[in-house]
Each structure stands twice: as C-alpha cells, then as structure tokens.
Amino acid sequence: MNDNKKVLVVGAGGFTGGFIVDEALRRGYQVWAGIRHTTSREYLADTRINFIEFDFNNRDSIAQTLEKELPDGEKWDYIVYNLGATKCLRYSDFSRINCDYLRYFLEALRMADKTPEKFLFISSLSAMGPGDEKGYTPFREDMVPMPNTRYGTSKHKAELELQLSGIPYIIFRATGIYGPRDKDYFLMFKSIQNGFDFSVGLRPQRLTFLYVEDLARAIFDALEKSPVGEVYNVSEPRYYSQKEFRRLSARELGKKFVLPMCMPLWGVKAVSYIAEKIGVMRGKPSTLNSDKYRIMKQRNWDVDVSKAQKGFGFAPRVDLEEGIKESVAWYRRQGWLGK
C-alpha cells in the first residue's frame, strides 16, 4: 500500500518514462509527469496524469514551477529522475543535459523546499567504463567507475552531483533497456528482419538486457523498500551472446536464415568518425559516432545484480526471449515491422 503517495517522474516523455508513469498509476500513486513544453504526450494519455512543464535550463524557473504546483508544506514523496540524452553533437551537450540539468533541479528542490522522501536517479552502466575485458568479471557496485565515453562520463558526473547534494538518493545503473516503443533496438530487429545481423569485433562479447516494464517495476520496488544512499546495478541476471540475440530475434521474426556480418573494429572506428563529422555539419547527432563505437567495442556488459536482489527484492519477470516476443508483437501492431 502506498497510501496514495505523490510521485513526480521527470523526463516522462521518453521511451522509458511512459512505462514508469504507467507503473506508478498501476500502483495507485498520484502521478505528475515532468516534461518540456515540446514533449510528445502520445504515451501519456491517461486522464489521471498531472502534467508539469519545466525549463530545465533555468534553476530559478524550475523552483518557481515546483512551488506553484504544490501548496506550501506539500511535497512529492518520491521523485524519479529519468531525464537524459544518449546522443549529442558535443560533449558540452552531454554535460549540460545529463549533469547540469540535474544539478539545477536538485538546487531548485532545495530552494522551493520540495526535497522528497526519496529521489531515484536513472544512470547507466556506461558510467562504469569498460570494466574487465579479459576475465569478464561482472560489474559490481563497489568497482571504481572509469567511463571512457562522453555519455558515460556525463552520467558519472551526474551521480557525483547527486551523492554530494544532500538529497536522499537511490541510483540505478541500468544496462540495455529495450521493449515496445524503443527505437534503438528496433533498428536491430529491422536489420535481422531484412536478413542481416551486424556485430563488431572478433572477441566474444557478453551482452545484458532489461525489459522496460521490469525496469519500471524495479524503480518502485526500490522506492518502497530500499534505504537511501544506495547504488544498484539493474539487469536481467544473465548475459547473452550476439548469436543468442540473433537466434531469438530471427525466430520471432520468422526468419529462417540471417547472415551474420562481423565488422572489424578499425572499420567501424573509421565509419563512426566520418558519420560523426557529417552529423556535426548537418547539425544533427549521428546514431553512429565515436561514443557509440566505444560502446560497441566493449566486450563485457555482464552485471552482478545480487545487491539489488538483497536490497529490494529485484527479480525481473521477463527474460530476453519473452521480451523480444512482446517487442516484436508491438512493432507489428504499430506497423513498424511487416505483418
């Protein structure tokens, strides 16, 4: 029972944000969706949702918006901070969106006297860097972060901002999140449907995934059960190979033969560099860039989730096989994939 507690989901308009809002509603919370004025509300159609629009560039504006939304003395019990960018033209953009915006928001909470009981921040496993690339030791929360991407560095900086803020926090370092509505993994499914599966590098790679609804459930399980001041890795508690991902996807897509195409790292690096420069000239971030190259190059994404299992009973319900089935079915219903 949540006693009709209030929750604010910041960054509610993104792929994962809509599922977080849905889970909060399912559990009976009073829900606020924190968005920009330009944010699409396509997946935020429930009439129970309260919308709150922020100018994340302006700390004072955020504070004023928070003060106006709830009367003096009232606060959100929980805040889920899901705002962030995974593709940017410049490092300064990653730093501004993923780190500065969070700092402005934390400062605004204190200014408006709206500090919640718990503040859950969605970070990324990329904040840890490449980890053990030889012995494939799974990532643990007590390992020292050594991010090697602009995205990962910005997420690590954001974690430090939160940990030093005095706000009662919980941090999730999430692995690859997939499911209905996602556009990044959709491109992989589309490629496999067309008969090709592209991979990078010749050395074995351990991939991890987490179905988006399992992430949403884990968020509220942690808010309801975990003490504050904790960092958790969240992932399905096993790793997969690219071959396994290809086999499961091909079977669900009805493809009897898919040609695996393994590209050498030097070739991907060169293509990524060129694509990134073209993106800068066009003023749009490229899907393939130097950051993405380092992420694809990484061999070890294996995760130890025992701390989350003990801390709040983390137990994902959907494995990759079922998650791919659900995702492909949704893409087909929406016309993204052929019938």
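Residues numbered from 1 in each chain as written. Predicted model: local features only at pLDDT ≥ 70, side-chain atom pairs only at ≥ 80, totals over all residues. Heavy atoms only, no water.

Participant: In this structure, what is going on with helix α3 (residues 91-111)? I would like to understand it.
Facilitator: An α-helical segment advances 3.6 residues per turn. Residues three or four places apart therefore align on the same side. The terminal C-alpha atoms of α3 lie 29 Å apart, and with 21 residues this matches the ideal 30 Å at 1.5 Å per residue to within 8%. Bending of α3 peaks at approximately 35° at the position of Asp100. Note on α3: the residue one or two positions beyond its end, Asp113, has a positive phi of about 55°. (Helix = DSSP H or I, 4+ residues; strand = E, 2+ residues; numbered from the N terminus. Expected span 1.5 Å × (residues − 1). Bend = angle between axes of the 7 residues up to and from the residue.)

Participant: What am I meant to see in the side chain of Lys155 here?
Facilitator: Structurally, Lys155 is set in helix α4 (residues 150-163). Buried within the structure, Lys155 lacks any salt-bridge partner; its nearest side chain of opposite charge belongs to Glu159, at an N-O separation of 8.1 Å. (Buried < 20%, exposed > 50% of the residue type's maximum accessible area, 1.4 Å probe, protein only. Lys, Arg positive; Asp, Glu negative; His and termini not counted. Salt bridge = Lys/Arg side-chain N within 4 Å of Asp/Glu carboxyl O.)

Participant: Sorry if this is basic, but what is going on with the packing of aromatic side chains here?
Facilitator: Here the distance between the centres and the angle between the planes together describe a pair of aromatic rings. Applying the stated rule across the entire model yields 31 aromatic pairs. Taking the centre distance of 6.1 Å and the plane angle of 45° together, the rings of Tyr81 and Phe121 count as tilted. One end of the pair, Tyr81, is in strand β4 (residues 78-81); the other, Phe121, is in strand β5 (residues 118-124), and 40 residues separate them in sequence. We note that Tyr81, like Phe121, is buried. Look at Tyr232 and Phe312: their rings are 5.0 Å apart centre to centre, the planes differ by 80°, and that puts the pair in the edge-to-face class. Highlighted residues: Tyr232 in strand β10 (residues 230-234) and Phe312 in helix α10 (residues 306-312), separated in sequence by 80 residues. Accessibility classification places Tyr232 together with Phe312 in one group, the buried group. Cluster of aromatic residues (ring-pair linked, three or more members): Tyr43, Tyr178, Tyr185, Phe186, Phe189, Phe209, Tyr211, Tyr240, Phe245, Trp330, Tyr331 and Trp336. If you follow Arg41 out to its NZ or CZ, it ends over the ring of Phe51, 4.1 Å from the centre. Over the aromatic face of Tyr232 sits the side chain of Lys307, whose NZ or CZ is 5.4 Å from the ring centroid. (Phe/Tyr/Trp six-rings, centres within 6.5 Å; stacked < 30°, edge-to-face > 60°. Lys NZ or Arg CZ within 6 Å of the ring centre and 35° of its normal.)

Participant: I tried to follow the sheet that holds β5 on my own but got confused; where do I start?
Facilitator: Backbone-to-backbone hydrogen bonds join strands into a sheet, with any given pair of strands oriented parallel or antiparallel. Within the open sheet, the seven strands sit side by side as β3-β2-β1-β4-β5-β6-β10. Their pairing is parallel. In this open sheet, the two edge strands, each paired with only one partner strand, are β3 (50-53) and β10. Taking the axes of each pair of neighbouring strands and ignoring which way they run, one obtains an average angle of 20° across the sheet. The pairing of strand β2 (residues 30-35) with β3 spans four bridges and is parallel. (Pairing = 2+ DSSP bridges. Axes fitted to C-alpha atoms, helices over the stretch in contact; angles between N-to-C directions.)

Participant: Teacher, can you tell me more about a nonpolar patch on the surface here?
Facilitator: On the surface, a cluster of nonpolar side chains totalling about 540 Å² of accessible area is made up of Phe196, Phe198, Phe257, Leu259, Met261 and Met263. Within the residue set of the nonpolar patch, elements represented by two or more residues are β8 (196-200) and β11 (259-263). Here the nonpolar patch takes three residues from β11, the largest share from any one element. By the element assignment, Phe198 lies in strand β8. (Patch = residues over 30% accessible without salt bridge, like charges linked within 9 Å, V, L, I, M, F, W, Y side chains within 5 Å. Areas by Shrake-Rupley, 256 points an atom, 1.4 Å probe, with all protein chains shown as cover.)

Participant: Looking at this structure, I do not really get the environment of Val144. What am I missing?
Facilitator: Mapped onto the secondary structure, Val144 falls in the loop between β5 and α4. With 13 residues separating them in the primary sequence, Val144 and Gly131 have C-alpha atoms 9.1 Å apart.

Participant: How do you make sense of a negative patch on the surface when you look at a structure like this?
Facilitator: A cluster of like negative charges, contributed by Glu213, Asp319, Glu322 and Glu326, occupies part of the molecular surface. Relative to the helices and strands, Glu213 is located in helix α6 (residues 212-225). Classification of Glu213 by relative accessible area gives partly exposed; the value is 33%. (Charge placed at Lys NZ, Arg CZ, Asp CG, Glu CD.)

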